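This is what each chain is made of:
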Amino acid sequence: FKWSHDDQFLARAGKDKTGGDVVSVYTLPSMQLLDKKSLRTDGAREFQWSPAANTIAYWAPECGNSPARVTLVEIPSRKELRQKNLFHVSECNIHWQAQGAYMCVKVLRHTKSKKTLFNNFEVFRVNEKMIPVEALEIKEQVLAFAWEPTGDRFAITHGEGSRPSVSIYTMAGKAAGGGVELAL
């Protein structure tokens, strides 16, 4: 169970009567299922509420010829705000910025042979028109990701061995970039 930012909704991932994957959203205080039906998510592995709006983000893995995808859905309207298709995905983790202006999806990807893994960060500019998405690739092992508590920067700890690096990126301006690398 996960609460919305304003405590108006409570959601949980599960299965419907046919065995399909769903996210069920309940209105409070009545605990009635929103519109008497769940959101069909076709295999969603994780979902997260925005910390600032009644928006749910979820990701679903690749299935057959269908790519993995990240979807943002506005609640209670159920309007799909943005969907991003992803290929060669092993795992995803959703990270919201504290004010909900940005959402980062850390994507662990594999090559076609599935022998090599690398990380991609898909950063959604949630408050901008059409929610643009920027991608950042890190070839090294990623140890940690964190948003700045009240700003528009994020840090990625990466590398191997006893001397990992920390790269700090800003969302200010048009592109996530300007990464500054710090050696630990």
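None of the values given here were measured: they were computed from a predicted structure.

Calculation rules
- Residues numbered from 1 in each chain as written.
- Predicted model: local features only at pLDDT ≥ 70, side-chain atom pairs only at ≥ 80, totals over all residues.
- Heavy atoms only, no water.
- Pairing = 2+ DSSP bridges.
- Helix = DSSP H or I, 4+ residues; strand = E, 2+ residues; numbered from the N terminus.
- Axes fitted to C-alpha atoms, helices over the stretch in contact; angles between N-to-C directions.
- Core = buried A, V, L, I, M, F, W, Y, C linked by side-chain atoms within 4.5 Å.
- Buried < 20%, exposed > 50% of the residue type's maximum accessible area, 1.4 Å probe, protein only.
- Phe/Tyr/Trp six-rings, centres within 6.5 Å; stacked < 30°, edge-to-face > 60°.

Engineer: Please provide a residue-by-residue account of the sheet that holds strand β11 (residues 102–110), values included.
Structural biologist: Strand order in the open sheet formed by four strands is β10-β11-β12-β13, and the pairing between neighbours is antiparallel. Pairing within the sheet leaves two strands with one partner each, and these edge strands are β10 (89–96) and β13 (133–138). Across the sheet, the mean angle separating the axes of adjacent strands is 20° when strand polarity is ignored. Relative to β13, strand β12 (residues 117–125) runs antiparallel, the two sharing six bridges. From the neighbouring strand, Phe-124 faces β13, where its bridge partner is Val-133.

Engineer: I'd like to hear about the sheet that holds strand β6 (residues 46–49), residue by residue, with values.
Structural biologist: Strand order in the open sheet formed by four strands is β6-β7-β8-β9, with antiparallel pairing between adjacent strands. Single-partner strands in this sheet number two, and they are β6 and β9 (80–86). On average, each strand axis in the sheet is inclined to that of its neighbour by 10°, with strand direction left out of account. Both strand β8 (residues 68–74) and β9 contribute to a ladder of six bridges, which runs antiparallel. Looking across to β9, one finds that Val-70 is bridged to Lys-84.

Engineer: So what about the nonpolar core? Which residues, and what values?
Structural biologist: Met-103, Val-105 and Phe-124 are the most contacted members of the largest nonpolar core, which totals 17 residues. Contributing elements (two or more residues each) for this core: β7 (55–60), β8, β10 and β11. Sort the elements by how many residues they give to this core and β10 lands first, with four residues. Of all hydrophobic cores here, the second largest spans 14 residues; its members include Phe-121, Val-123, Ile-138 and Ile-156.

Engineer: Tell me about the packing of aromatic side chains, residues and numbers included.
Structural biologist: On inspection of all chains with the given rule, the structure shows seven aromatic pairs. Aromatic pair Tyr-102 and Trp-147: ring centres 5.7 Å apart, planes at 15°, arrangement stacked. With Tyr-102 in strand β11 and Trp-147 in strand β14 (residues 142–147), the pair connects residues that are 45 residues apart, well separated along the chain. The exposure class assigned to Tyr-102 is buried, which follows from its relative accessible area of 12%. A relative accessible area of 13% places Trp-147 in the buried class. Between the aromatic rings of Phe-154 and Tyr-169, the centroid separation amounts to 5.4 Å while the plane-to-plane angle is 25°, which identifies the pairing as stacked. Highlighted residues: Phe-154 in strand β15 (residues 153–158) and Tyr-169 in strand β16 (residues 165–170), separated in sequence by 15 residues.

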